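# Architecture at a glance
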Amino acid sequence: DAPTRRAPARALYACYLVVSLDPSKKGKSYVGFTTNPPRRLAQHNGAIANGAKYTMRLRPCDMVLVVSGFSDKVQALQFEWAWQRPASCRATRTLARERGVSDKTSAPGKKAMVMCGMLNTAPWKHMPLTVHCMSEVGERLIEKYADAIPAHVERRRTTTREMDAIVAASANAEEEEMDEEMDDAMRARVMDVGVSGTPSASASASRPGGEALKCGVDACGKAIRSDRAVGCATCGARFHPVCLARHFFDRAGDEALSWSSRLIPDHGPCARCGKRLTWGAAIGAGAAREPATETTTPRVHTSRDCERDGEVVTSTEKIRRLRSAERREVERARVQSWARDVSDVSDDSDDDMHDSDSDVIVE
């Protein structure tokens, strides 16, 4: 048997929903993309410079929902664009028409409803996504629509401290936030997505070439590129997508007749360790980055790095340590205390805000 491989770290690409805590802006929200949700919220509230010009009029604001688990930046930007413009995106225009929302809709309850519907719409219903409710407001916003979220999509209550830990453990923990001009340029290249979820040329080019591996399905065993594989996060095995899909269908038997697709399986056992996998989880494990080994070329440190007790600390890490999780929790509580109870920003206020949607801020 092949040795067990340690599960690689995954890069964090996330989309989020920010709501205004200003009573005069009640019912206003903003959808965006980030690789570091706590840092992005600080930017929106003006605590950190750069990348928050679209939400200056919404301050103070709070991040209530975060969707993570995208395999690359292009996937996350496509989700963001569809969430912002559900009536224009090919994959969501039917959903938008059925739910009575437009591209100008800004009410948080409507945005939460669209997000839950998107999670059950191709291509996102096949992805290993996680919904983080960053506050009680976020939990209330999706409570009415939780039944639309597929079973394999994890839903959890996440604190700022826990989100800090997720960011620190990600493969792109030190990646700088894109400025908004760069963000807009990326959207212009990848913005629309159909139900097939076909990646653009930039998405394919963004994946690095991988080392040769062996397909974990015994009947195959042929070489496979790690950047073109699906896998299992538990045992680290990698498979050809066709081989693992055939394995899932063979093991499912008559149950496969009830699946929504005859081409993409819903779930099945790992061909190596037998652990139950959803197809979305297999895609996510295949897209994860391999951990660094002793043979990896050491990181070249620049003059911006500093030495501290023999440990090399980058400037980004230094800023992260200075802005500790405890300070952010205090700041979050202070910002929330500025506003009244925002629990009524859901459906009760959605209808009232629909007529004033023309005043929405759209990125």
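That block above? That's the structure.
First, a word on what this report is: a plain description of the structure on this page. (Residues numbered from 1 in each chain as written. Predicted model: local features only at pLDDT ≥ 70, side-chain atom pairs only at ≥ 80, totals over all residues. Heavy atoms only, no water.)

### Considering the pairing of strand β1 (residues 14–20)
For β1, a buried count of seven out of seven residues is recorded, marking the element as mostly surrounded by other parts of the structure. Every second residue of β1 is oriented toward a common face, with A14, Y16, V18 and S20 on one face and C15, L17 and V19 on the other, all of them buried. Of the pairings in the sheet, the one linking β1 to strand β2 (residues 29–34) comprises six bridges and is antiparallel in character. Note that in β2 the partner of C15 across the bridge is F33. Pairing of β1 with strand β3 (residues 61–68), which is carried by six bridges, proceeds in the antiparallel orientation. When the sheet's bridge partners are listed, V18 is paired in β3 with M63. (Buried < 20%, exposed > 50% of the residue type's maximum accessible area, 1.4 Å probe, protein only. Helix = DSSP H or I, 4+ residues; strand = E, 2+ residues; numbered from the N terminus. Pairing = 2+ DSSP bridges.)

### Things to note about the environment of V230
Mapped onto the fold, V230 is located in strand β8 (residues 230–231). Residue classification places V230 among the buried positions, given a relative accessible area of 4%. When the C-alpha atoms of V230 and V242 are compared, they prove to be 9.4 Å apart, with twelve residues separating the residues in sequence. Excluding its chain neighbours within four sequence positions, the residues that come into contact with V230 are A237, R238, F239, H240, P241, L244, W279, A282, I283 and G286. (Contact = heavy atoms within 4.5 Å.)

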